[in-house]
Each structure stands twice: as C-alpha cells, then as structure tokens.
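Structural characterization, general
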Amino acid sequence: MSKKRGPQMERRKQQADRLIDLPERHDITILVDLVVYPPGIAEWNNLRIRCALGTGGISKKQNEGDGITPAGIFPLRQAFFRSDRTNRPETILPISALTRSDGWSDDPDDPRYNRQISIPTKNHHETLWRADGVYDLIAVIGYNDRPVIPGAGSAIFLHVAKLGYAPTEGCVAFALSDLCRILNEWDETSVLDIRAET
C-alpha cells in the first residue's frame, strides 16, 4: 500500500529543478531525491547532509573489494534494522528486523552472490548482525542485482556512519537520524544518484 504524505506535492514543486532523464530511456523522467557527491556530501529534500563514501571514492566499480562507491542511478530495494537497538523506521520500503543468522554473500563463486543469506555458511560473506552499530539500519542499493554479475561488487548499502564518518568499503553511510529521515521520506519515485567528480 502506498504511503500518503500531504507535503509530497509541495516537495515535488520545490525539487522540479532536479529532474533528469535516464540515458537509456529518454521518454521517462526521474526525480532524483537523494544525490551524493564526493568527498561526502548528499542532498536530500533540499537539505545538505554529510555522508561517508568508499575508500576508493566514487567511480565505475570494477571488482569485489575495490572500496569504490559505484557511480550511477539506483533504486533502494529493501531495508533492515536491529530491533534491539533502534525502532522500526516508517518507510514504504520492504523492511525486516535482522537476526543473528543474517548475512550477505560477497563470494563470487557462491550462486547466492550479492544476496541475503543465512549463516553460518562455508562461503565468504558479510555478517549483518554487527557489534559496531553500522548495520543497525541498512537500505539495500539496487547495484549489480538485475542481473547479478559475479565479482562486480556486492553488499552496497546505505548504512550508519562510523565515528568521524570514516570511509566505508564502498557503501554510503549517514548519521542514524539522517538515514531514518531519508527512509521515512522515500517514495515511489525516489532514486539514489551517486555522482563522480567531473
């Protein structure tokens, strides 16, 4: 069911100057709601907020583990949260509470590569239940998932930033309050636009 918001039309009017056309579909216009720039600034709903990027900066991602935050326009697929640490965010995205058995495959030889998996497993993976809090809230970026190309990069998320906005392994990280706001205000037309330096 779609989430109704009174201010939505006003927000559309305010953001009209941020309309872009996808290169492969010039007949469709997308309103970019979340724009990320190097060295770690994002625009969201007429606000500028700080974020952390991958150790390799923003570029065309090449390989698993290269530390690059991929440039491009992406949807958000789903969200996860730690119910023992934070309240369930209000969002139109599909959202689930994490458990200790949740992981994400980053093994190019795994048929489940770049997908949520149950752990333990013999394949290399990321554990989503973490002590450091960075995965207390996650939004999965629709990168390398339709189709999945083994070795092209996995587990690219929006997640909670470390202290001092330390660089990530390729994800985009925000303060928890900013990430909650983004997910709360995300709607059916929202996309993520990660821009490399030109």
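The present account deals with the structure reproduced in this document. (Residues numbered from 1 in each chain as written. Predicted model: local features only at pLDDT ≥ 70, side-chain atom pairs only at ≥ 80, totals over all residues. Heavy atoms only, no water.)

Some details on the pairing of strand E5 (residues 47-50)
A regular strand places its side chains on the two faces of the sheet in alternate fashion. Pairing analysis gives four bridges linking strand E4 (residues 41-44) to E5, with the strands arranged antiparallel. Paired with Glu43 across the two strands is Arg48, which belongs to E5. Between E4 and E5, which pair antiparallel one after the other, the connecting turn spans two residues, and Asn45 there sits at a positive phi close to 50 degrees. (Pairing = 2+ DSSP bridges. Helix = DSSP H or I, 4+ residues; strand = E, 2+ residues; numbered from the N terminus.)

Side note on the nonpolar core
Ranked by size, the top nonpolar core spans 30 residues in total, and within it Leu34, Val36, Leu158 and Phe174 carry the most contacts. Of all elements in the fold, only strand E3 (34-37), E4, strand E9 (76-81), strand E14 (137-141), strand E15 (157-160), strand E16 (172-174), helix H2 (176-185) and strand E17 (192-194) reach the threshold of two or more residues within this core. Other than its neighbours up to four places away in sequence, Val36 contacts Ile41, Ala42, Cys51, Leu53, Ile58, Val172, Leu192, Asp193, Ile194 and Arg195. (Core = buried A, V, L, I, M, F, W, Y, C linked by side-chain atoms within 4.5 Å. Buried < 20%, exposed > 50% of the residue type's maximum accessible area, 1.4 Å probe, protein only. Contact = heavy atoms within 4.5 Å.)

Here we look at the side chain of Asp33
Tracing the backbone shows Asp33 in the loop between strand E2 (25-31) and E3. Accessibility expressed as a relative area gives 0% for Asp33, which makes it buried. Here Ser190 takes part through its side chain, which lies 2.4 Å from a polar atom of the side chain of Asp33. (Polar contact = N/O pair within 3.5 Å; in protein donor to acceptor, adjacent residues only side chain to side chain.)

Some points on the layout of surface pockets
There is about 350 Å³ of room inside the largest pocket. Lining the largest pocket are 24 residues, with Glu126, Tyr135, Thr168, Glu169 and Cys171 sitting closest to its centre. The residue inventory of the lining of the largest pocket, partitioned by class, reads ten nonpolar, seven polar and seven charged. When its volume is computed, the second largest pocket comes out at roughly 160 Å³. Within the lining of the second largest pocket, the residues separate by chemical class into five nonpolar, two polar and two charged. (1 Å grid on protein atoms, 1.4 Å probe; cavity = no way out; pocket = protein on both sides within 12 Å on 5 of 7 lines; lining within 4 Å. Points joined across faces, edges and corners; volume = space filled by probe spheres on them. Nonpolar A, V, L, I, M, F, W, Y, C, P; charged D, E, K, R; others polar.)

Here we look at the sheet that holds E3
Strand order across the open sheet formed by five strands is E5-E4-E3-E17-E8, with mixed pairing between neighbours. Each edge of the open sheet carries a strand with a single partner, namely E5 and strand E8 (72-74). Between one strand axis and the next, the sheet turns by 20 degrees as a mean value, whatever way the strands run. Of the pairings in the sheet, the one linking E3 to E4 comprises four bridges and is antiparallel in character. Within the sheet, the bridge partner assigned to Leu34 lies in E4 and is Trp44. (Axes fitted to C-alpha atoms, helices over the stretch in contact; angles between N-to-C directions.)

Quick notes on the packing of aromatic side chains
Applying the stated criterion across every chain, the model contains four aromatic pairs. Aromatic side chains Phe74 and Tyr143 sit 5.9 Å apart centroid to centroid with 80 degrees between the ring planes, which places their arrangement in the edge-to-face category. Residue Phe74 is found in strand E8, and its partner Tyr143 is found in the loop between E14 and E15; the two are separated by 69 residues along the sequence. Residue Phe74 shares its accessibility class with Tyr143, and that shared class is buried. Ring centres 5.3 Å apart and planes at 90 degrees place the aromatic pair Trp104 and Phe157 in the edge-to-face group. Linking Trp104 in strand E11 (residues 102-105) with Phe157 in strand E15, this pair joins segments that are 53 residues apart in sequence. (Phe/Tyr/Trp six-rings, centres within 6.5 Å; stacked < 30°, edge-to-face > 60°.)

Focus: the pattern of salt bridges
Taken as a whole and assessed by the stated rule, the structure comprises ten salt bridges. The salt bridge involving Asp136 is made with Arg85; its shortest N-O contact spans 3.0 Å. You can see Asp136 sitting in the loop between strand E13 (125-127) and E14 and its partner Arg85 sitting in the loop between E9 and strand E10 (95-97), a full 51 residues away along the chain. With relative accessibility at 13%, the residue Asp136 sits in the buried group. Residue Arg85 is classed as partly exposed on the basis of its relative accessible area of 38%. A single network of salt bridges, built from pairs that share partners, joins Glu126, Arg130 and Asp132. (Salt bridge = Lys/Arg side-chain N within 4 Å of Asp/Glu carboxyl O.)

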